[in-house]
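Okay, here's what each chain looks like letter by letter:
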Amino acid sequence: MPWNKNDYPNSMKNLDAPVREKAIEIANALLEEGYEDGRAIPIAIDKAKEYVKDHEASSKKEK
């Protein structure tokens, strides 16, 4: 089942909005690739945290 900003796993509820939105995007992509929910969710959360952290760091360097 694809998730969106209003309907996402409970494990994503305490994430900051940018991380949660990216995690939802990644999790949906993993589901399309055949991952099970239980595996897609933690992978998506880890990758989203990494993405947002890296994106914020690169944005600061550009200023």
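Cut-offs and rules
Residues numbered from 1 in each chain as written. Predicted model: local features only at pLDDT ≥ 70, side-chain atom pairs only at ≥ 80, totals over all residues. Heavy atoms only, no water. Helix = DSSP H or I, 4+ residues; strand = E, 2+ residues; numbered from the N terminus. Buried < 20%, exposed > 50% of the residue type's maximum accessible area, 1.4 Å probe, protein only. Contact = heavy atoms within 4.5 Å. Areas by Shrake-Rupley, 256 points an atom, 1.4 Å probe, with all protein chains shown as cover. Expected span 1.5 Å × (residues − 1). Phe/Tyr/Trp six-rings, centres within 6.5 Å; stacked < 30°, edge-to-face > 60°. Lys NZ or Arg CZ within 6 Å of the ring centre and 35° of its normal. Salt bridge = Lys/Arg side-chain N within 4 Å of Asp/Glu carboxyl O.

Observations regarding the overall build of the protein chain
The helix and strand inventory of the protein chain stands at two helices and zero strands. Dimensions of the protein chain along its principal axes, counting C-alpha atoms only, are 40 × 20 × 15 Å. When each of the 63 residues of the protein chain is scored for burial, the buried share is 32%. Counting contacts in the protein chain only where the partners sit at least 6 residues apart, residues at least 24 apart contribute 45% of the total. When the accessible area of the protein chain is evaluated, it comes to approximately 4700 Å², of which 46% is carbon and sulfur surface.

Focus on helix H1 (residues 17–32)
When the terminal C-alpha atoms of H1 are compared, their 23 Å separation across 16 residues agrees well with the 22 Å that a helix rising 1.5 Å per residue should span. Of the positions making up H1, those classed as buried are Val-19, Arg-20, Lys-22, Ala-23, Ile-24, Ile-26, Ala-27, Asn-28, Leu-30 and Leu-31. Two residues or fewer past H1, Gly-34 is found with a positive phi of approximately 105°.

Considerations on the packing of aromatic side chains
Here the structure, examined in full by the defined rule, presents zero aromatic pairs. Over the aromatic face of Tyr-51 sits the side chain of Lys-22, whose NZ or CZ is 4.2 Å from the ring centroid.

Some points on the environment of Leu-15
Relative to the helices and strands, Leu-15 resides in the segment before H1. Considered as a pair, Leu-15 and Ala-48 are 33 residues apart in the sequence and their alpha carbons are 10.0 Å apart. If we ignore the near neighbours within four places in the chain, the residues touching Leu-15 are Arg-20, Ala-23, Ile-45 and Lys-49.

As for the pattern of salt bridges
Per the stated rule, a full pass over the model turns up one salt bridge. Residue Glu-25 is joined to Lys-22 by a salt bridge in which the shortest nitrogen-to-oxygen separation is 3.1 Å. Here Glu-25 pairs with Lys-22, and both are found in helix H1, just three residues apart, close to one helical turn. For Lys-22, a relative accessible area of 18% corresponds to the buried category.

Honestly, that's just the spatial picture; any functional story needs more than this.
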